[in-house]
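# Structural features, examined
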Amino acid sequence: MTRWGLIGASTIAHEWVIDAIRAVGGEIVSVMSTSAERGAKYASDHGIAKSVTSVAELVGDLDVQAVYISTTNELHRDQVIAAVKAGKHVLCEKPLAMSLEDARAMVKAAREAGVVMATNHHLRGAATHRAMRDAIAAGRIGKPLAARVCHAGYLPAHLQGWRLDRPEAGGGVILDITVHDTDALRFVLGDDPVEAIAFGQYGGMAQAGLEDAAMGVLRFKSGLIAQFHDGFTTKYAVTGFEVHGSEGSLIASNCMSQKPVGTVMLRNADGETELPLEHRNLYENTLLAFDDAIAGRGKPLCGGEDGIWSLATGLAVMKSAQTGGTVAIETGL
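Everything quoted here is computed from the prediction, not taken from an experiment.

Scanning all chains against the criterion turns up 2 aromatic pairs. Ring geometry for tryptophan 4 and phenylalanine 290: centres 5.2 Å apart, planes at 35°, overall tilted. Of the two residues, tryptophan 4 is situated in strand 1 (residues 3-7) and phenylalanine 290 in helix 9 (residues 282-294); the sequence distance between them amounts to 286 residues. The same class applies to tryptophan 4 and to phenylalanine 290, which are both buried. The side chain of lysine 235 reaches across the aromatic face of tyrosine 154, ending 5.1 Å from its centre.

Here is the structure:
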């Protein structure tokens, strides 16, 4: 059983991660919020024994073995480094940081401390994505040639805060959503992106010059090209993920979700076949793999270096949207 501390009295922990930790047998012993009042109420509401107001107090707690960090993005670097230096394993929300230099420093610090560091790209835990990855690895669509991701939806009112008005915190659709697309593509394809070209859109939701939608194309090392459409503004869109190969296509629908939902269809010369899926809470899958990694039984579903890859791609997409040109994706790994 892993004993957790939460850095950030966040909505995502409230809606998803607290229940997932407990579902896989973990215990949450402490929560940190800079507001003592908010932290105390959050702890009471969620049955957490302790609430503290500083990172130092939380990571200095001997009862805490692992830390889940879900604060705004500009705070991640210092919080992760403090946690790993205190010997705590870390699951950090994406993007890892606001710069590649910071993200690399976080991963390096975790490696030197000998602790597990993971990035919370939850889509690796989706049955749809796993089925697509396995089908591609088994050669069921031949050589992958192209992919398409639609990850556009509508940002709920209760989340329409810093994502829409704080560029310094990593707001905007690209660092919130496009990074997920990148990680999902890398996971499913077993391939890495090398360049990006994109356009941003300002549809009236975001402020301060932040994109609330984006479209673009990524080129991968294999030569595959992948189109993406991300948005906060489309109330009636259906998410999807397609991979088209030389011998067949995989078409997933309603799959870019936090929920364990969606379908995958294989289309080839034999017709259409719906792939069997074993849906399970995505965050529980993430946490089970994290616990195994702590126990030395494997790696987390999405490690720190994977978080560097998605951040590097997101930053390249942002630069392309701003400049109108193709941008090379460089991780420094």
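Quick look at the nonpolar core now. Counting residues in each nonpolar core, the largest one holds 79 residues, and the members touching the most others are Leu185, Phe241, Val243 and Leu250. If one sorts the elements of this core by residue count, helix 8 (residues 173-189) sits on top with 10 residues. Summarising the domain contributions, this core has at least three residues from each of domain 1 (3-122 + 285-302) and domain 2 (124-278 + 311-328). With residues near it in sequence (within four places) discarded, valine 243 still touches Met132, Ile136, Ile141, Pro144, Ala146, Ala147, Val188, Leu189, Gly248, Ser249 and Leu250.

Before going further, it helps to spend a moment on the state of the cysteines. Cysteine pairs can be linked by a disulfide, which is a covalent bond between their two sulfur atoms. Going through the model one piece at a time under the given rule, you end up with 0 disulfides. Looking at cysteine 255, it has no disulfide partner, and the nearest cysteine sulfur is the one in cysteine 150, 9.4 Å off. No disulfide involves cysteine 302; its sulfur sits 11 Å from the nearest other cysteine sulfur, which is in cysteine 92. Accessibility expressed as a relative area gives 2% for cysteine 302, which makes it buried.

Turning to helix 6 (residues 127-137), a few remarks are in order. Taken together, the buried positions of helix 6 are Ala127, Thr128, His129, Ala131, Met132, Ala135 and Ile136. The secondary structure elements touched by the buried residues of helix 6 are strand 7 (144-152), helix 8, strand 11 (240-245), strand 12 (249-253) and strand 13 (263-268). Positioned one or two residues after helix 6, glycine 139 has a phi angle of 80°, which is positive.

Using the residue numbers shown here, the UniProt feature "domain: Gfo/Idh/MocA-like oxidoreductase N-terminal" (unreviewed entry) corresponds to residues 3-121. Helix makes up 45% of residues 3-121 and strand makes up 21%, while its end C-alpha atoms are separated by 21 Å.

Within the open sheet, the 9 strands sit side by side as 14-13-12-11-7-10-9-8-15. Their pairing is mixed. Edge positions in the open sheet fall to strand 14 (271-274) and strand 15 (327-328), since each of these has one partner strand only. Two strands pair when backbone bridges link them, and strand 7 and strand 10 (residues 225-231) are joined in this way by 7 bridges, in the parallel orientation. Paired with arginine 148 across the bridge in strand 10 is glutamine 227. Here helix 10 (residues 304-323) sits on the sheet and contacts strand 8 (193-201), strand 9 (213-220), strand 10 and strand 15; the angle it forms with strand 8, its principal contact strand, is near 50°.

Our focus in this paragraph is the side chain of threonine 286. Along the polypeptide, threonine 286 turns up in helix 9. Those residues in contact with threonine 286 that sit more than four places away from it in its chain are Leu91, Asn120, His122 and Leu301.

Quick look at the pattern of salt bridges now. Summed over the entire model, instances satisfying the criterion amount to 20 salt bridges. Taking the shortest distance from any N to any O, the salt bridge between lysine 108 and glutamate 112 comes out at 2.6 Å. Here lysine 108 and its partner glutamate 112 are both found in helix 5 (residues 100-113), 4 residues apart, which amounts to about one turn of the helix. When its relative accessible area of 44% is taken as the criterion, lysine 108 is described as partly exposed. On the basis of relative accessible area, glutamate 112 is assigned to the exposed category, the value being 59%. The salt bridge involving aspartate 192 is made with arginine 186; its shortest N-O contact spans 2.7 Å. Across the pair, exposure class does not vary: aspartate 192 and arginine 186 are buried alike. One salt-bridge network, held together by shared partners, links Arg124, Asp183, Arg186, Asp192, Lys221 and Asp306.

Okay, a nonpolar patch on the surface next. On the surface, a cluster of nonpolar side chains totalling about 200 Å² of accessible area is made up of Ile197, Val217 and Ile225. When you line up the elements, isoleucine 197 lands in strand 8. The exposure class assigned to isoleucine 197 is partly exposed, which follows from its relative accessible area of 37%.

What counts, and where the lines are drawn
- Residues numbered from 1 in each chain as written.
- Predicted model: local features only at pLDDT ≥ 70, side-chain atom pairs only at ≥ 80, totals over all residues.
- Heavy atoms only, no water.
- Phe/Tyr/Trp six-rings, centres within 6.5 Å; stacked < 30°, edge-to-face > 60°.
- Helix = DSSP H or I, 4+ residues; strand = E, 2+ residues; numbered from the N terminus.
- Buried < 20%, exposed > 50% of the residue type's maximum accessible area, 1.4 Å probe, protein only.
- Lys NZ or Arg CZ within 6 Å of the ring centre and 35° of its normal.
- Core = buried A, V, L, I, M, F, W, Y, C linked by side-chain atoms within 4.5 Å.
- Domains from an automatic or database assignment.
- Contact = heavy atoms within 4.5 Å.
- Disulfide = S-S within 2.5 Å.
- UniProt positions renumbered as here; feature names shortened; annotations may be inferred.
- Pairing = 2+ DSSP bridges.
- Axes fitted to C-alpha atoms, helices over the stretch in contact; angles between N-to-C directions.
- Salt bridge = Lys/Arg side-chain N within 4 Å of Asp/Glu carboxyl O.
- Patch = residues over 30% accessible without salt bridge, like charges linked within 9 Å, V, L, I, M, F, W, Y side chains within 5 Å.
- Areas by Shrake-Rupley, 256 points an atom, 1.4 Å probe, with all protein chains shown as cover.

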